[in-house]
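Coordinates in review
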Amino acid sequence: MTLKNESDCRYSCSVGMEMLNGQGFMKPYGYQALVMEIAERHLRQFHLGVDDLLQKGMSWVLVSSSIEIINPIRAEINLNARTWHSEQDRLTFRRELCFTDTAGAPLFNAATFSVLMDVKERRILRPDKLHLDIGQSHSEFLIDASPKLRFKGDMHNCDRRRVYPSCIDRLGHTNNCRYPEFAYDALTDSEIASLGKLRRMDVYFKSELKPGDSFTVRRSAASVESGELIIDGILDDSGKQSFVCRLVFEP
């Protein structure tokens, strides 16, 4: 298989019970997990998956992920998915993903932005210096998305957390699917009950959470009724912002 027919690939996947909450709504984690599952399965087809790149001493690192929900998922169902590399700037690669039900009805679309990292040195690599066939981009964009954060607002502390071994993935840092879980845990009961109104999630990965790190979770003073919630994590030792999660709800 060559990278020229990348956008023709089709995949099937399913919603597991662990992705749904007590009210039957898909948790933010579930959407993120499906996006990452399909992206990795797809990249393996072109020898660009985790195992392939680790053999070369490098890996993909997610910079941000944006998901637009068209029809909220509320059951353990089977899905169809498609994905393609849509854009590249000097360091960052954008990827589109679309998910439908088995009848073809749209459920959600996503865009991810990633960079290549030297695993040993923990530094970003320049693609033009590497011998990797990333392929030509297919400039079809599904949603409006950017890896750059545009939020400023008042935040207040709501929790303190620690990175436990269960959070750590093969790259030695907190797996990107854990961050939406941190955000979900900062929601109130009434906000969790409103997940059927969730229409968009943006997650920005600013600084690694490593084994043993402690961090403070903050959230904006806004409510679901205002249409938007911002939740972030601040590393306790350095004061650096680790992640930001933006949840947008239907009014």
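Scroll up to find the structure.
All of the points below concern the structure found in this document. The structure presented is a predicted model; accordingly, all values stated were derived computationally and were not measured. (Residues numbered from 1 in each chain as written. Predicted model: local features only at pLDDT ≥ 70, side-chain atom pairs only at ≥ 80, totals over all residues. Heavy atoms only, no water.)

For helix α1 (residues 28–45), spanning 18 residues, the distance from its first C-alpha to its last is 27 Å, which sits close to the expected 26 Å at 1.5 Å a residue. Most of α1 is tucked away, with 13 of its 18 residues classed as buried. With its phi angle positive at about 60°, H47 sits one or two positions after the end of α1. (Helix = DSSP H or I, 4+ residues; strand = E, 2+ residues; numbered from the N terminus. Expected span 1.5 Å × (residues − 1). Buried < 20%, exposed > 50% of the residue type's maximum accessible area, 1.4 Å probe, protein only.)

This part is about unusual backbone geometry. Residues apart from glycine generally show negative phi values, whereas peptide bonds are mostly found in trans. Even without being a glycine, H47 presents a positive backbone phi close to 60°. One can find H47 in the loop between α1 and α2 (50–54). For H47, a relative accessible area of 57% corresponds to the exposed category. Even without being a glycine, R122 presents a positive backbone phi close to 55°. With respect to the helices and strands, R122 occurs in the loop between β5 (106–118) and β6 (123–124).

A few words now on the pairing of β5. The buried count for β5 comes to 12 of 13 residues, which makes it a mostly enclosed element. Across 11 bridges, the pairing between strand β2 (residues 58–69) and β5 is antiparallel. Directly across from V61, in β5, lies its bridge partner V115. As defined by bridge partners, strand β4 (residues 93–101) adjoins β5 across eight bridges and the pair is classed as antiparallel. Across the sheet, L97 pairs through a bridge with A110, a residue of β5. Between β4 and β5, which follow one another and run antiparallel, lie four residues, and G104 among them has a positive phi close to 95°. Bridge count for β5 against β6 is two bridges, and the pairing is antiparallel. Looking at the pairing, D118 lines up with R123 of β6. The loop that links β5 with its antiparallel partner β6 comprises four residues; one of these, R122, has a positive phi angle of about 55°. (Pairing = 2+ DSSP bridges.)

Moving on: the layout of surface pockets. Of the volumes computed, that of the largest pocket is approximately 1,100 Å³. Lining the largest pocket are 45 residues; nearest its centre among them are W60, V61, L62, V63 and V115. Elements represented by at least two residues in the lining of the largest pocket include exactly α1, β2, β4, β5 and β6. If one sorts the elements of the lining of the largest pocket by residue count, β2 sits on top with five residues. Taken as a whole, the second largest pocket spans an internal volume of roughly 180 Å³. What lines the second largest pocket is simply D144, A145, S146, L149, R150, F151, R200, D202, Y204, E228, I230 and R246. Residue assignment for the lining of the second largest pocket shows that the elements contributing at least two residues are β8 (198–205) and β10 (228–235). Looking at side-chain class alone, the lining of the second largest pocket contains five nonpolar, one polar and six charged residues. (1 Å grid on protein atoms, 1.4 Å probe; cavity = no way out; pocket = protein on both sides within 12 Å on 5 of 7 lines; lining within 4 Å. Points joined across faces, edges and corners; volume = space filled by probe spheres on them. Nonpolar A, V, L, I, M, F, W, Y, C, P; charged D, E, K, R; others polar.)

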